[in-house]
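Examining the three-dimensional arrangement
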Amino acid sequence: MLGALSGAVPSARAHVGQLLWEWRRAELAQDIGVVVSELVTNAVAASAELRPTVAPVLVWLGSDGRSVLVAVADAVATPPVRLDPDPEAEGGRGLAVVEAYSNRWGWHTTATAGLAKVVWAEWR
């Protein structure tokens with residue numbers, strides 16, 4: 001579990017990269033790292049409305065040997081929305097990046113204490 005702070009993104013990416021290396025799935029590290037960066041960035045940004053409290057961000061990585069699943073949970077119930085921003089826009093492409101780098105993605109609410117939603121992505 002991480003705090004919804006700026007250091008959460010590089011910490012999550014490094015941890016996921018290390019786990020993938022240990023699982024001998026390092027070939028996925030680049031794509032999964034990009035997606036983890038996007039999802040954690042979104043979770044930190046969504047949690048800004050809860051300040052001055054530092055909200056939790058949970059990053060989970062799992063594999064059954066065939067598929068890899070990453071899930072990022074945060075304390076804000078607002079659903080993620082995939083945007084189609086203007087080409088000149090500075091941001092708004094996060095979920096399009098997640099969609100492009102993973103086989104599929106989705107989200108759901110959670111009743112886990114202190115958390116409200118989970119956004120996940122899968123690689124097969």
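The rules behind each value
- Residues numbered from 1 in each chain as written.
- Predicted model: local features only at pLDDT ≥ 70, side-chain atom pairs only at ≥ 80, totals over all residues.
- Heavy atoms only, no water.
- Helix = DSSP H or I, 4+ residues; strand = E, 2+ residues; numbered from the N terminus.
- Expected span 1.5 Å × (residues − 1).
- Buried < 20%, exposed > 50% of the residue type's maximum accessible area, 1.4 Å probe, protein only.
- Arc of directions from axis to C-beta.
- Contact = heavy atoms within 4.5 Å.
- Core = buried A, V, L, I, M, F, W, Y, C linked by side-chain atoms within 4.5 Å.
- Pairing = 2+ DSSP bridges.
- Salt bridge = Lys/Arg side-chain N within 4 Å of Asp/Glu carboxyl O.
- pLDDT = per-residue confidence, 0-100.
- Axes fitted to C-alpha atoms, helices over the stretch in contact; angles between N-to-C directions.
- Parallel < 35°, antiparallel > 145°, perpendicular 65-115°, else oblique.
- Left-handed = near helix turned anticlockwise from the far one by under 90°.
- Nonpolar A, V, L, I, M, F, W, Y, C, P; charged D, E, K, R; others polar.

Over its 15 residues, helix α1 (residues 8-22) runs 21 Å from end to end, which matches the ideal 21 Å to within 8%, given 1.5 Å per residue. For α1, every residue scored as buried is listed here: A8, V9, A12, V16, L19 and L20. Take α1 and look down its axis: the buried residues cluster within an arc of 105°, on one side only. The exposed set on the far side of α1, more than 90 degrees from its buried face, consists of P10, A14 and W21. Packed against the buried residues of α1 are β1 (2-3), α2 (29-47), β2 (56-63) and β3 (68-74). In the segment just after α1, R24 is the residue with positive phi, at about 60°.

I32, V40 and L61 are the most contacted members of the largest nonpolar core, which has 26 residues in total. Contributing elements (two or more residues each) for this core: α1, α2, β2, β3, α3 (94-101) and β5 (117-123). The contacts of L61, once residues within four sequence positions are left out, are V16, L19, L20, W23, I32, V68, L69 and V70. By size, the runner-up hydrophobic cluster in this structure holds five residues, among which are A71, A73, L115 and V118.

On to the sheet that holds β3, then. Taken in spatial order, the five strands of this open sheet run β1-β2-β3-β5-β4, and their pairing is antiparallel. Both edges of this open sheet fall to β1 and β4 (104-109), since each of them pairs with a single strand only. Note that β3 and β5 share seven bridges and pair antiparallel. Its bridge partner lying in β5, A73 is registered against V118.

Evaluated as defined, the whole model comprises seven salt bridges. Linking D74 and K117 is a salt bridge whose minimum nitrogen-to-oxygen distance equals 3.0 Å. Residue D74 is found in strand β3, and its partner K117 is found in strand β5; the two are separated by 43 residues along the sequence. On the accessibility criterion, K117 (4% relative accessible area) is buried. Where R124 meets E122, a salt bridge forms, and the shortest distance between an N and an O atom there is 3.2 Å. Since its relative accessible area comes to 60%, R124 is described here as exposed. Among the ionic contacts, a cluster of salt bridges with common partners joins R82, D84 and E99.

Per-residue pLDDT for the protein chain averages 92, and the proportion of residues at 70 or more is 99%. Taken element by element, the predicted model of the protein chain shows its lowest mean pLDDT in β1 (89) and its highest in β5 (98).

Bringing the packing of α1 against α2 into the picture now. The geometry of α1 relative to α2 is characterised by a closest axis approach of 9 Å and an angle of 150° between their N-to-C directions. It follows from the interaxial angle that α1 and α2 lie roughly antiparallel. Seen from above, α1 lies across α2 with right-handed handedness. Of α2, the residues touching α1 (which contributes A8, V9, A12, R13, V16 and L20) are A29, Q30, I32, G33, V34, V36, S37, V40, T41 and V44. Residues that form the contact of α1 with α2 fall into these classes: eleven nonpolar, four polar and one charged.

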